[in-house]
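Spelled out, the chains give:
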Amino acid sequence: LAALSCAPSGRCWALSTSTNRVVPWNGRQWGAPVTFSAFDGLSSLSCLSATNCWAAGLYVKPNQINLYNLVMHWNGQAWSQVKVPQPPNGGNQLNAISCTSASSCWAGGSDDTPAGRGRNELIRWDGTSWAQVPVPAGPFINSEVLGLQCRVPGDCWAVGDDEGGTGPVQGLGP
């Protein structure tokens, strides 16, 4: 298993990146796994309640090589794909997601520059839609956000790395 997120109610989801499945825990037992498309690759979870859970990663369209940002949402009944920004160069992936309320989530990863180099990427959910957020570039060739943690809305931290070194810790604003 690669990720686990539990809501205060005790409802949890575990994510297996090798099998592309999420498995629910209802507080007493594990439920049936939910398998996503073979073209999807989820990497992170953030669950606020039994009816509000988010997952982030990437997907590949059939017969293409480009990577696209992927965010899935659990509404208590089913997982569904949510529209997110797609930077234009086709090398996008989200590695981390952190939510503090129904109107405040952040997801981070990387997108490709026109030269094919990775660069930090952040997107933010405001309760209605996802939008790109400006983020500092790493000091080296390729940079990406690998982890996010938000304690309350407006108090989020991101960590990542660069090819050739480790970038500084960056705090994220409201």
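Residues numbered from 1 in each chain as written. Predicted model: local features only at pLDDT ≥ 70, side-chain atom pairs only at ≥ 80, totals over all residues. Heavy atoms only, no water.

**A few points about the overall build of the protein**
Part 1 of the reasoning: When helices and strands are tallied, the protein shows zero helices and 15 strands.
Part 2 of the reasoning: Taken over the C-alpha trace, the protein has a radius of gyration of 16 Å; the compact-globule value for 174 residues is 16 Å, and the two agree within 12%.
Part 3 of the reasoning: If one aligns the C-alpha atoms of the protein with their principal axes, the spans along those axes are about 50 × 40 × 30 Å.
Part 4 of the reasoning: The contacts of the protein with a sequence gap of at least 6 include a subset with a gap of at least 24, amounting to 39%.
Part 5 of the reasoning: Roughly 8,700 Å² of accessible area belongs to the protein as shown, and the carbon and sulfur atoms make up 53% of that amount.
Part 6 of the reasoning: Taking the average location of the 9 positive side-chain charges in the protein and that of its 10 negative ones, the two points are 11 Å from each other. (Helix = DSSP H or I, 4+ residues; strand = E, 2+ residues; numbered from the N terminus. Rg over C-alpha atoms; globule rule 2.2 N^0.38 Å. Contact = heavy atoms within 4.5 Å. Areas by Shrake-Rupley, 256 points an atom, 1.4 Å probe, with all protein chains shown as cover. Lys, Arg positive; Asp, Glu negative; His and termini not counted. Charge placed at Lys NZ, Arg CZ, Asp CG, Glu CD.)

**Regarding the environment of R21**
Part 1 of the reasoning: Structurally, R21 is set in strand β3 (residues 21-25).
Part 2 of the reasoning: Residue class for R21 comes out partly exposed when judged on its relative accessible area of 37%.
Part 3 of the reasoning: Sequence separation between R21 and G31 is ten residues; the distance between their C-alpha atoms is 12 Å.
Part 4 of the reasoning: In this structure R21 touches A14, L15, S16, P33, V34 and T35, once residues within four positions along its chain are discounted.
Part 5 of the reasoning: Within the local environment of R21, its side chain forms a polar contact with the side chain of T35, the two groups lying 3.1 Å apart. (Buried < 20%, exposed > 50% of the residue type's maximum accessible area, 1.4 Å probe, protein only. Polar contact = N/O pair within 3.5 Å; in protein donor to acceptor, adjacent residues only side chain to side chain.)

**What about the packing of aromatic side chains?**
Part 1 of the reasoning: Taken as a whole and judged by the stated rule, the model has nine aromatic pairs.
Part 2 of the reasoning: A centroid spacing of 5.1 Å and a plane angle of 55 degrees characterise the contact between W25 and W30, whose relative ring orientation is tilted.
Part 3 of the reasoning: Plain terms: the ring middles of F36 and W79 are 5.8 Å apart, the flat faces sit at 80 degrees to each other, and that makes the pair edge-to-face. Remark: W79 occurs in strand β8 (residues 79-82) and F36 occurs in the loop between β4 (34-35) and β5 (40-49); sequence separation between them is 43 residues. (Phe/Tyr/Trp six-rings, centres within 6.5 Å; stacked < 30°, edge-to-face > 60°.)

**Brief notes about the pairing of strand β6 (residues 52-60)**
Part 1 of the reasoning: By the criterion of burial, β6 is predominantly enclosed, with eight of the nine residues buried.
Part 2 of the reasoning: Across eight bridges, the pairing between β5 and β6 is antiparallel. Residue S46 lies in a different strand from β6, and its bridge partner there is W54.
Part 3 of the reasoning: Between β5 and β6, which follow one another and run antiparallel, lie two residues.
Part 4 of the reasoning: Judged from the eight bridges that link them, β6 and strand β7 (residues 67-74) form a sheet pairing that is antiparallel. Within the sheet, the bridge partner assigned to A56 lies in β7 and is V71.
Part 5 of the reasoning: Here β6 folds back onto β7 in antiparallel fashion, the turn holding six residues, of which N63 has a positive phi close to 65 degrees. (Pairing = 2+ DSSP bridges.)

**Points about the state of the cysteines**
Put plainly, a disulfide is one covalent bond tying together the sulfur atoms of two cysteines.
Part 1 of the reasoning: Overall, the coordinates contain four disulfides when judged by the stated rule.
Part 2 of the reasoning: For C6, the disulfide goes to C12, at an S-S distance of 2.0 Å. Every disulfide takes its handedness from the sign of the S-S torsion; for C6 and C12 that torsion is 110 degrees, giving right-handed.
Part 3 of the reasoning: Among the residues examined, C6 registers a relative accessible area of 39% and is labelled partly exposed.
Part 4 of the reasoning: On the accessibility criterion, C12 (8% relative accessible area) is buried.
Part 5 of the reasoning: Residue C150 pairs covalently with C156 via a disulfide, S to S 2.2 Å. Looking along the S-S bond of the C150-C156 disulfide, the torsion reads about 115 degrees, which is the right-handed sense.
Part 6 of the reasoning: When its relative accessible area of 2% is taken as the criterion, C156 is described as buried.
Part 7 of the reasoning: Sequence-ordered numbering of the bonded cysteines in the protein gives a pairing of 1-2, 3-4, 5-6, 7-8. (Disulfide = S-S within 2.5 Å.)

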